[in-house]
Structure formats: structure tokens, C-alpha cells
Amino acid sequence: MSAQVTSGASGAQAGAPQAASSASALSRRAHTRVNRKHARASRSRAPPGVNGSSSSSGGSVQCNATPNSQIFGPELESSQIANTAQSLGPARYAAMAAAVAAGAFAGSAATAAAWTVMGDRDDPDSMRAPDAVRGVAAAVGAGAASYGAYYAEMERRKLAPIALHRYLQGLADAAGEGGFDPAMIDTDAVAAVAKDFATGNVAEDFPDDVQRLYYGYLNHIVPMSRGGEPLDGGEATKLREFLDRIGLADEEAARVHIAYGKTAYRQRMEIGGGARQTAEQAEERDSALRTFQKIVYLSDSIFGAAKAAYLVPWKRELGLTSSQVEVAKRDTAVSSLRTLLDAALAPVPLPADAPETTPEGKEWDLGMEVPGTAAAWSAVRQQQVASRVPEDVARDLFAEYMNKGLVARAKLAENLMKDRRLKRSANDTATSAHCGATAIKDMLTYCKGLESWASSTEEGAVPEGMSVPTLKSHPSFSSETKTKPLEELYQFMLAESLLMEKKFTDSMESDLADLASLFGLDEETIASITEKQLTVSYKDVLRGQVADGTLDAADSKAQVLAAICSELRFDPNKAAEVHKEIYRTRLSSDLSEKKFLSDADKEDLKRLRILLCVPQNVVDEANMDFCGRIFRDSCQIALRAKVESGMVEEKANVEKVQSQLNLSDKMAYDIFTGAAKQQLMAFVKDIRSKRNMAEFVQALKKLILYSQNVVEPLAQMIRGDTSEEDEKAAEAEAEKAAEAAAAQLKIQTGAEAKEGEEKKEGEEGEEKEEDDEEAKKKEEQANELKEVLAEAMKADAKEAALAEKKKQPLVNVSDQLDFQEKVQLFSTYMQYCTEGEQMDLAFGTKIRLASDPAEFERLEKLGYLLGIGKNEQGMLGGAMSTERFKSAIKKEMGISGRLPDEKKSTLYEYAEQWSISKEDADKMIEEALSAKVADELKTQMSSGDLTLDQVRAMKKEKDLDVNTVLDIGTRDRMFLKHVETSFTEAPANFDAEDLLKTIPEELGLDVSKASKLVKKLADDRKRPTLIQAVSMLRQNKKAETMQAAYNLVACHLSEAGDAVAWPNTSEIEDLYVGFAKEATPASTEAMASVLGIEGSRLAELDGLVSSGGGYAFEEDLAGAGSGGEGPKKALF
């Protein structure tokens, strides 16, 4: 055994050492108990060398990358006793134990001998050692022997971790350049080491020393000097296997992780940061941080996330937050998996038909990709699972590298597509596909391989939620630029496919759908690109059909065009738009330089129209747009001619231009009409700017002359002979007039017949039925008469319509002006025609010249030019004459508001001159007089001077229409005021009928409502009026008493109600007697009724009045006036 331990590497390579013989069973059990106690004590201490302190043997481990010869650090030192004990071998070690026992026996014998010497020789008993002494001596000797053996055994057992170190180091040395792998460790060999040194488990009995070995291996796997380098993915597996094979518990290994992590974290803090640090310091600091992150990540991978959170509490040990720990784990996991993926990258293959170099002679930037096969990605997936990279991290990184490969292929396809050396014309009949299209197809194949793996249903084959990403969100294609590479690639693929297949196939549609899905294109974008490219492809195919004569030779051009649309799946309506564009482009090209169409040009356009089946309306629209622009220019030049030019040359030029263009007479006339109206409106604009009558009229005359001498000759020349059209239009007008007249005649004859029937029914003795034949004959005669009348009316209407049509200009500005402005222009010129031109003379005097009859002809032309027909002109003339006559009436009336007979005669002369009938003149005169009276009444009303009596007097004198002159509110107020006056200042001859009926009728009020109002007011005032009368009677005021009595009679007559009760009968009788002496019998009767005096008493009082007796107002007044004793009442 000694040879095996001391030889080191040779013994490790040969295999595990054989266990030596042991001591007795009793000593082994004692040694085992001591060993367990030592192990428990060693667990309570920090692992020697891990936290920077030396072990009992003085060894230490450095945090540096180590070659194979230094993976587990320097060998531990052992004591001389242990080395000596180990060097004896099993036989010698047993002999040494026997010698120790013999020494103990010899010690016991020596004790007995000493006791004999010290005893009395004469006394044998005194020379014999006592049994107790001999026992003690034997025990002391045995104890000393046992302790010596135990101490030697303990020192020898300390060689177990040293032997394990030599065994592991030997494996590392033997691995050489291939590198040490924990799989090389033989668990039997490790167990043999433990057995050889009488230990149950080296890692359990000597955890500090085994932690030192694991620390060294951990430093070898994750060296701080290369902290910036990512993990290769197998570290966690190797460390886990190492722990399992040497038997180190997770709790002990976790302490190593904490110590190593603290060292890395402390090293980062010691380096420091800030702006003053050098690049080397920054690199060291980052390396230390990455090393720490690796330890955090590996702890989770080795122990499991749940267990690691308990065994390796980074938050408690280093004061980190949960987010910092998670970031450390994620960053390391990403770095580790990225390393695996980078290792799987391969260059994107260049299509076989692509040139080897770029146009600049450089190699293509092919980019890198993970091969798009299930095997390649499954291998990466297995490594990811083995390295315990989280699923969400793996899913994101897999998507990133998939995207990377797709982007590399898309970039290659884009570069090949843009290579000008690979451009080919639309007529290229090469059967080989464009290498750019080949690259796109390869990209689709690559994408399908990725989808095949990502959509695997096998459990654990792919991360949950794995899918192939689209390219739309990639920064290379998502920037807002004018060019959109993905859309260009899609269109390029569509174009190349159509060029190869010559039609739109199902397989092409499937590939394009996959490509759109990969590019992330929406439906609207796809439809736009497809329509755009199909339009281009349709034009290419159409161009080829025309060039090789296929379309010309076809019997049905429409069938050929429909077949092309069907093969390309192109919308026929879009095809029609293409035909329209082609025709317009050709026409525009022919006219762009020479401004006219030759006969050859016209024939080519006709052929093109037939080949493309272009509708006539499209041709007309194109001719109007392009030919019309040229013709409009020539018309505008001609319309600039002077009024007196004669228009001979201008007409010839316009006619020449028209003949050189594809314009019909109607199209040419419509174009000219637009230009002419624009020119006429320029004259109207000039008219609007005039500020006095003379300039205004002169501008209107220029407009009329320009229309007559410039516009009309050109319009007639361009329009051509329109007599037939005019004839038809006149006949249509005549038909309408005849139908209207016939309808009117039918109404009249129907009315006459009805009147005859009524008269016939009223006559007695006349026969009610006539002879049938006679009735039939009369009906036939009536129908013949109607037909003759209808034909005559139709002929007259036709003739009138033709005559009016000839007077009307061909071009007018009716549509350009609103009705109000047309009326203003026409009325202004009519005023000039009727009043004549005004001339200024010397000394500020002015005279008005007589009107020229020719001006009325111009007025008629102006009306037609403004779009005002004959009937409308008549209406406007009548309206203007009416306004002028009304103005003349006001002028003749003056301030007085009266029209004597001589002034009326003057007005009748004006009416005759302005074609106003006498009836209409009288009506307008009466209206003017009424208006004058109304103004006077309104003035009086505003000043408060107008009374009801004045209104009634005017009504009788001037036949005043109160309803017209005074509004209803004014009449109501006037009536109420009169009612109040009637009940407070009633006359002696008060007429209730006048108040209740006559006056409301004269004021145009509702008699019923007015009567109710009067009665209510009278009823309300009867008792207050009686009180007032009695009061005046008591004061002996005759006049006031009589007025109050008359007011009381007026209220009673208006209301016709019951009598008013009064408690003092004598006062009532005195009031009656006094009133009866003064009033009329009718008033006296009304007073008796209101006071309730009747029967014999009334007769008695009337007799008293007749005899002159009774109460006398005169006596009262005399007495009051002389200061006498006051009124005296008569005694009855």
C-alpha cells in the first residue's frame, strides 16, 4: 500500500490500490467512533483553502485557470507518523502493534519487580506486589499502548484525501491534451481508497479536503481569467458528474459555490469602476462579473432551482436583489445557448446559377445560418436540454437564429435581384429561372424545414410555443423608407414565376402564400402588389401578342384578351383600364410634338382601338382630353379677335385645327362653348367693376357686340347645320303648347256642358233626352273642330318657337350667373332703354335724350345672352314698368299725399306709355294713396294724436282699409281706449249698439270677442260708478253727479244685466229724480232699470218729476255756492 500512495500517478493509472490488513476488530470500532466525531467537527469549520485560509497541512487553491497537472491544486502535506505508518505496510504495521502490546506487558513486569526490590526480602509477602498495584500498572501500560495505536491510525487515515487527490490528478495527467473528464473517475477506485484507509466515505469523513478538490475542478471549469467567454453547455453536466463520482454532498458543494462566487464578486468590487479605469481593468471587472453570473447559473443547473435557492442564498450572502440574480441566470443561459447555436452556424449556400462574385468582383456576403433541417435543430435542442437552459430563453434564441438565417437568405435574394448583370428583358425566352428567384425558393425550402421542426408534436422535441418568426419585424425590413425590400422580393418572385410559367398556377399561388406569410404581408398589401405586377405582366404578354401578329390574326380579339386574363387570373375590368391607359398614352405621344394627327396616326389609333376593344366612350374621353386641349387653345386664340375683324381668318384657322384632330362636331362645339363662356365671363367681370350708369351701359353694349360679332360666327361654323335639330326642338315645343291648349279647351267645354245640364234640369216641360243621332253628329263636329284648332295652335307654336330660336345666341352665360345678377344686368339696361341717355350741359344742367328703338333690340339680345327667355323678359319688363309707375305716383303725390285730377291725367299718360292698363294704374294709385294715409296714421299714432273718431272719419271719407293701414295690436289698443272713455265720459246720447258691434266691425275686430270684452268691463264698472254718483250727489256737485249717472247708464246699456242694489233708498230716489229732470226718456228708463226702481214707486217719482217737485240740483248748487246751510232733501 505504501508503494501505491507514494508513487502517485503510476498507482492511479494502474487502478485503485488494494486495501491493507487492519487492526483488531475492537480497535477498529474504537477508531470508527473517533473518526465520526472528527468528521462532525470538520463539517462545522469552513472548507480549508476555500475561503482563503490554509488547511492544517498548509495547502491552498488559487483561482486561476489550471492545466491538467494543476487541476486539483498542490498535493496536501502529511505528518511523519502517517508517512511512517503508511510506509510499514500491513505486515510491519501489525508487528508494530504487537511490539506496542509487548511493551505494555514489559512495563507491568517491571512494576512487579520494583515492588519486590523495595520489599523486605525476609518477608516474601512484602516483596510481592499487591494485586491492585499490578492492575494499575497493567492498565497504565495498556492505555499508553492503545493511545499510541489510535494516534498512529488517525494520522494514517489522513492520507485518504491525499490518495484521492493523487488518484484524480493521475487521471488528469493521463488524459493529456484530451482533457480531464469526470466520466474517467472510477467509483470503485474511490471506494477502494476509502476502504484502504479505513474510512466509510472520503468526502463525508474529510469534507474540507474534498471541497478543496472540487474547488480546484470548479476553477478549472469556470476560470476567472476567462470569465468573458461563454459556457460551452457541458459544464453543469461535468460538475454534476464529478460530485456524484467523488461522493461530495450538495450541501458541501454549495459552500464551494458560495465561496467561489464571493471571490469573483469581491474581485470585481476590488477592481472598481469609473472613468479612470483602464481598458484592462474594465476587462478584468467584466470577466469577474461574468464568472459570478456563471456560478449563479451553474448552481441552479446542478442543484435545481428550488434546492439552489436554499443551498446558495445569494441574496443573503451578497445582498443581491431577486432581479439581479435572475439577470445573472438569464444572461449566462443566453450566452451558453448562443455558443451552442453559433457552433451550429454554417454559410448560406449560393444558388448554383448565380455568379461567383459581385459586380465589383468581391465575394458575396452570404451570411450564416443554422441548417434548416430537423436533425440540426434537434441536436441543438438536445444540447440545450442537457445544459439546462430555460425553455423561454431557448424559445427566444431559437427564434432569433431562425430569423438570422431567414434574413441572410432574404438579403442574398435581394442582392441577386438588384444585380444589373442578371436583368433580362420582358421578351427573354430563357427557360432558366433568375438566380434571385432561385434564392427565394431556397429560402422557402429553408423556412419549411424550420416549420417542420417547430411544429413537431413529440413531447419535449421543441420549446413550448415555438414558431417560425416572420421577417416583417426585423430591423432590416421594418424601417420606414421609400423602398420596401420584402414587398419588392414578393413582386419579383411573382414576376419571375409568371415569366417562367406564362400563367398563374396553383403551385405558384401556394408558394406566394407561404412567402407572404413569411414576410408578414397583410391582405391589402398582397392585393396591391399582385395587381401591380399582374398589370405589368399583362402588358408584357399583350405587347408580345401584338408584336408577333397573334392579336391581329385573331378573328375575335375579345376572346384572345379574355384568354390572357384567364391565364394570368387578371381582372377583366383592370385589363380594360390597361387598354384605356395604352390608348391614351399612344394618343398623347402622337400629339406631344406635332400637335396634330396625320392620316397614318389616325389609322394606327383606329387599329389599336380594334385590337384592344376600346369602347367609344373611352376614345371620346381621350380625344376630349388631348385633342380637346389643342383645339381649345386654337379657339381661345380666335376668340381674342376684335369685334370689327370679320372673323374670316380666325374661322379658317379653327376649321383647319378641327380637321386635323379626332374631334366630332359635337365635341368641338362643346370645347368651343366652354372657351367662349370663359371669354364672355371676362366681359361680365369688367361690367361688375363699373361704378356709374354710363360706363355700365357701355360695358353691356361691348358684351352684346362681342357675342354677336365674334362668338356667334365661330359657334355657327363649328356647330354646322342644325336646322334639323332646331326643327325637332320646335316641334317638341309645339307639341307641349298644343297639349296645354287642348287641356284648357277640355276644361272649358266641360264647364259649359255642366252649366248646360244644370240649366236643362231646371227647365220644366223640356225633354230630358235628345235624339242619339243628333248628339253623335254634334260630338263629331266638336271633335273635328278640336283637331283643327289643335293643328293650328301647333303650327303657330312651332313657328313661334323657330322664330325665337333664331333670335337666341348659340352660346350664353346662363349657367355662369345666378338669377339675381342676371335680373340686375337686364333691368339696368332696360332702364337705360326706356329712360334714354342722359346728357350733361353747361352750368350743371342735364337733359335726357329720347330712347333709340335699336336699344330695345339689343335689350332682347342681352336677355337671350343672359339666358332670359321671351316670357321672362316680358315679366321683367312688366315688373320694371310697374316699379317706374309706382315711383311716378309718389312723385306726383309729393308731400301733400293728394292727387288732383290733372296729376291723375299725367299718370294715365305714363301708364299708356309703359303698357300698363287703366285698371292696373287705378289699383296702384289707390294702393299709393292708402300707403300715404297709413303713413300719416302711423305718424299720429306714434305721437299719440290719433283717435278712433279720426280713423272712422277717414274710413268714411277715403274708404280707408283699416286692416291694411293699422296692425291688429294698434286697433285693439284703440278700441280698448274708446271703451274706457265710453264708461268714464259717457255722452248723454250713448249708443250701446255702436260700441258693441259697429265700431268692432269698422276696426276689423272679432265682434263676438269684442262684445264679450265690453260686457265684462261694463259689469265690473257698474257698482263703482254708482258709488261715485252717490258720492257726488252727497257733495251736491251737479255736473259730476250727472256725468257719473250717464256713465252708469252706459255700463248698464252695454251689459244689460241686473240692477245694482243700494241700502239707502232715499239717495237712490234723489239720484233718479235729479237725473230724470235733465236726461232723455231713454236714458231715464235705463237709469230706473239700473237703480231697480219700478212699479208704483217709479210712477210716483215720474209724477213728481213732471210736477217740478222733488230734488233740485239747482237749489243745492245755489246753497252750496252762497255758503248756506247746505242741501235740503225734499220730503215725500
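Numbering of residues begins from 1 in every chain and follows the order in which that chain's sequence is written. Under the rules for a predicted model, residues below a pLDDT of 70 receive no local features and side-chain atom pairs below 80 are neither given nor counted, while totals for whole chains, interfaces and linings still include all residues. Only heavy atoms go into the side-chain values, all of them from the structure, while hydrogens and water stay out.

Colleague: I would appreciate a short explanation of the overall build of the protein in the present structure.
Modeller: Each helix corresponds to a stretch of at least 4 residues labelled H or I by DSSP, and each strand to a stretch of at least 2 residues labelled E; elements are numbered beginning at the N terminus. Across its full length, the protein holds 48 helices and four strands. Any pair of residues with heavy atoms lying within 4.5 Å of one another is described as a contacting pair. Long-range contacts, defined as pairs at least 24 residues apart, comprise 75% of the intrachain contacts of the protein with a sequence gap of at least 6. For the protein, the exposed surface amounts to about 61,600 Å²; the carbon and sulfur share of it is 51%. Here the open area of atoms and residues is found with the Shrake-Rupley method and a 1.4 Å probe, where only the protein chains shown may cover a residue.

Colleague: How should I be thinking about a negative patch on the surface in this particular structure?
Modeller: On the surface, a cluster of negative charge is contributed by Glu779, Glu780, Glu784 and Glu787. Turning to its location among the elements, Glu779 is positioned in helix 33 (residues 772-807). Here's how the labels work: a residue is buried when its accessible area is under 20% of the maximum for its type, exposed when over 50%, partly exposed in between, all with a 1.4 Å probe on protein chains only. Given the relative accessible area of 51%, Glu779 is considered exposed. Patch membership needs two things, relative accessible area over 30% and no salt bridge, and members are linked within 9 Å if like-charged or within 5 Å if nonpolar (Val, Leu, Ile, Met, Phe, Trp, Tyr). In what follows, salt bridge is the name for a side-chain nitrogen of Lys or Arg lying within 4 Å of a carboxyl oxygen of Asp or Glu. In summary, the charge assignment counts Lys and Arg as positive and Asp and Glu as negative, without counting His or the chain termini. Note that the charge is assigned to NZ on lysines, CZ on arginines, CG on aspartates and CD on glutamates.

Colleague: It is not clear to me how the packing of aromatic side chains should be interpreted in this structure. Could you clarify?
Modeller: Ring pairs (aromatic) are described by centroid distance and by the angle formed between their planes. Planes of paired rings set the category: under 30 degrees apart is stacked, over 60 is edge-to-face and the rest tilted, where pairs are Phe, Tyr or Trp rings (Trp by its six-membered ring) whose centres lie within 6.5 Å. The tally for this structure, following the rule as stated, stands at 15 aromatic pairs. Seen in terms of ring centroids, Phe72 and Phe180 are 5.6 Å apart; in terms of plane orientation they differ by 90°. Their pairing is edge-to-face. Of this pair, Phe72 sits in the loop between helix 3 (25-43) and helix 4 (80-118) while Phe180 sits in the loop between helix 7 (159-175) and helix 8 (187-196), placing them 108 residues apart in sequence. Residue Phe72 shares its accessibility class with Phe180, and that shared class is buried. Arranged with centres 5.9 Å apart and planes meeting at 15°, the rings of Phe72 and Phe242 form a pair that is stacked. Of the two residues, Phe72 sits in the loop between helix 3 and helix 4 while Phe242 sits in helix 11 (residues 235-246), which places them 170 residues apart along the sequence. By relative accessible area, Phe72 is classed as buried at 1%. Members of the aromatic cluster, each reached through a chain of ring pairs, are Phe72, Phe180, Tyr214, Tyr217 and Phe242. The ring of Phe596 has Lys594 sitting right over it, with the charged end atom 5.8 Å from the ring centre. The criterion is that NZ of a Lys, or CZ of an Arg, lies within 6 Å of the ring centre and within 35 degrees of the ring normal, and then a charge sits over that ring. Its guanidinium or amino end placed over the ring of Tyr669, Arg719 lies 5.6 Å from that ring's centre, counting from NZ or CZ.

Colleague: Any chance you could explain the side chain of Glu369 here in plain terms?
Modeller: Secondary-structure assignment places Glu369 in strand 2 (residues 368-369). Glu369 gets classed as buried once you look at its relative accessible area, which sits at 5%.

Colleague: Looking at this structure, how should I read unusual backbone geometry?
Modeller: The phi angle of most residues is negative, glycine excepted, and most peptide bonds adopt the trans form. Positioned with a positive phi, Arg569 is a non-glycine residue whose angle comes to about 55°. Here Arg569 shows up in the loop between helix 25 (557-568) and helix 26 (572-594). Its identity as a non-glycine residue notwithstanding, Asn1036 has a phi of 60°, on the positive side. Relative to the assigned elements, Asn1036 resides in the loop between helix 43 (1007-1034) and helix 44 (1038-1055).

Colleague: Explain the packing of helix 42 (residues 992-1002) against helix 43 here, please?
Modeller: Helix-helix packing is described using two parameters, namely the angle between the two axes and the distance between the axes. Contact pair helix 42 / helix 43: the axes reach a minimum separation of 9 Å and the direction vectors enclose 140°. For the element pair helix 42 / helix 43, the angle class is oblique. Taken as a pair, helix 42 and helix 43 cross one another with a handedness that is right-handed. Of helix 43, the residues touching helix 42 (which contributes Leu995, Leu996, Lys997, Pro1000 and Glu1001) are Val1007, Ala1010, Ser1011, Val1014 and Lys1015. Every axis corresponds to a line fitted to the C-alpha atoms, with the helix fit spanning only the stretch in contact, and the corresponding angles, defined between N-to-C directions, vary from 0 to 180 degrees. Throughout this description, any angle smaller than 35 degrees is read as roughly parallel, any larger than 145 degrees as roughly antiparallel, any in the 65 to 115 degree range as roughly perpendicular, and the remainder as oblique. Helix crossings get a hand from a simple test, with the near helix turned counterclockwise from the far one by less than a right angle marking a left-handed crossing and a clockwise turn marking a right-handed one.

Colleague: Help me understand helix 7, please; the structure alone is not making it clear to me.
Modeller: Each α-helix winds once per 3.6 residues, and so residues spaced three or four apart point in a common direction. What a helix is expected to span follows from its residue count: subtract one and scale by 1.5 Å. In this model helix 7 runs 24 Å from its N-terminal to its C-terminal C-alpha over 17 residues, within 8% of the 24 Å that 1.5 Å per residue would give. For helix 7, the tally of buried residues reaches 14 of 17 residues, placing the bulk of the element in the interior. Count one or two residues on from helix 7 and you reach Gly176, which has phi positive near 65°.

Colleague: Would you explain the environment of Leu494 in this entry?
Modeller: If you trace the backbone, Leu494 turns up in helix 21 (residues 485-501). Taking the C-alpha atoms as reference, Leu494 lies 7.7 Å from Thr530; in sequence the two are 36 residues apart. If sequence neighbours within four positions are ignored, Leu494 has contacts with Phe504, Met508, Leu512, Thr530 and Gln533.

Colleague: Can you help me understand the environment of Ala1061 in this one?
Modeller: With respect to the helices, strands and loops of the structure, Ala1061 is situated in the loop between helix 44 and helix 45 (1065-1078). Here Ala1061 falls in the exposed class, since its relative accessible area comes to 57%. When the C-alpha atoms of Ala1061 and Leu1026 are compared, they prove to be 9.5 Å apart, with 35 residues separating the residues in sequence.

Colleague: Where do I start with the confidence of the model for the protein in this structure?
Modeller: Regions with low pLDDT should not have their predicted coordinates read in detail. Per-residue confidence from the prediction method is given by pLDDT, with values spanning 0 to 100. When the pLDDT values of the protein are averaged, the result is 75; 72% of them are 70 or greater. With pLDDT under 50 throughout, residues 426-431 is counted as low confidence; its partners more than four residues away or in other chains account for six contacts. Segment residues 762-766 is flagged for pLDDT under 50; beyond a separation of four residues in sequence, or across chains, it makes zero contacts in the model.

Colleague: Quick question: what am I supposed to make of the pattern of salt bridges here?
Modeller: Across all of its chains, the model carries 34 salt bridges by this definition. For Arg543, the salt bridge is made with Asp540, and the minimal N-O distance between the two is 3.0 Å. Taken together, the residues Arg543 and Asp540, both in helix 23 (residues 523-547) and three residues apart, mark about one turn of the helix. The class of Asp540 is partly exposed, set by a relative accessible area of 23%. With a shortest N-O distance of 3.5 Å, Arg586 and Asp590 are connected by a salt bridge. Taken together, the positions of Arg586 and Asp590, both in helix 26 and four residues apart, correspond to about one turn of that helix.

Colleague: Is there a simple way to think about the packing of helix 29 (residues 648-659) against helix 31 (residues 693-719) in this case?
Modeller: One way to put it is that helix 29 packs onto helix 31 with a least axis distance of 10 Å and a crossing angle of 30°. Put simply, helix 29 runs roughly parallel to helix 31. For the pair helix 29 and helix 31, the sense of crossing is right-handed. Here Glu650, Lys651, Val654, Glu655 and Gln658 of helix 29 lie close against helix 31, whose contacting residues are Pro713, Leu714, Met717 and Ile718. Gly is put with the polar residues, along with every residue not named as nonpolar or charged; the nonpolar set is Ala, Val, Leu, Ile, Met, Phe, Trp, Tyr, Cys and Pro, and the charged set is Asp, Glu, Lys and Arg. Looking at the contact of helix 29 with helix 31 residue by residue, the class counts come to five nonpolar, one polar and three charged.

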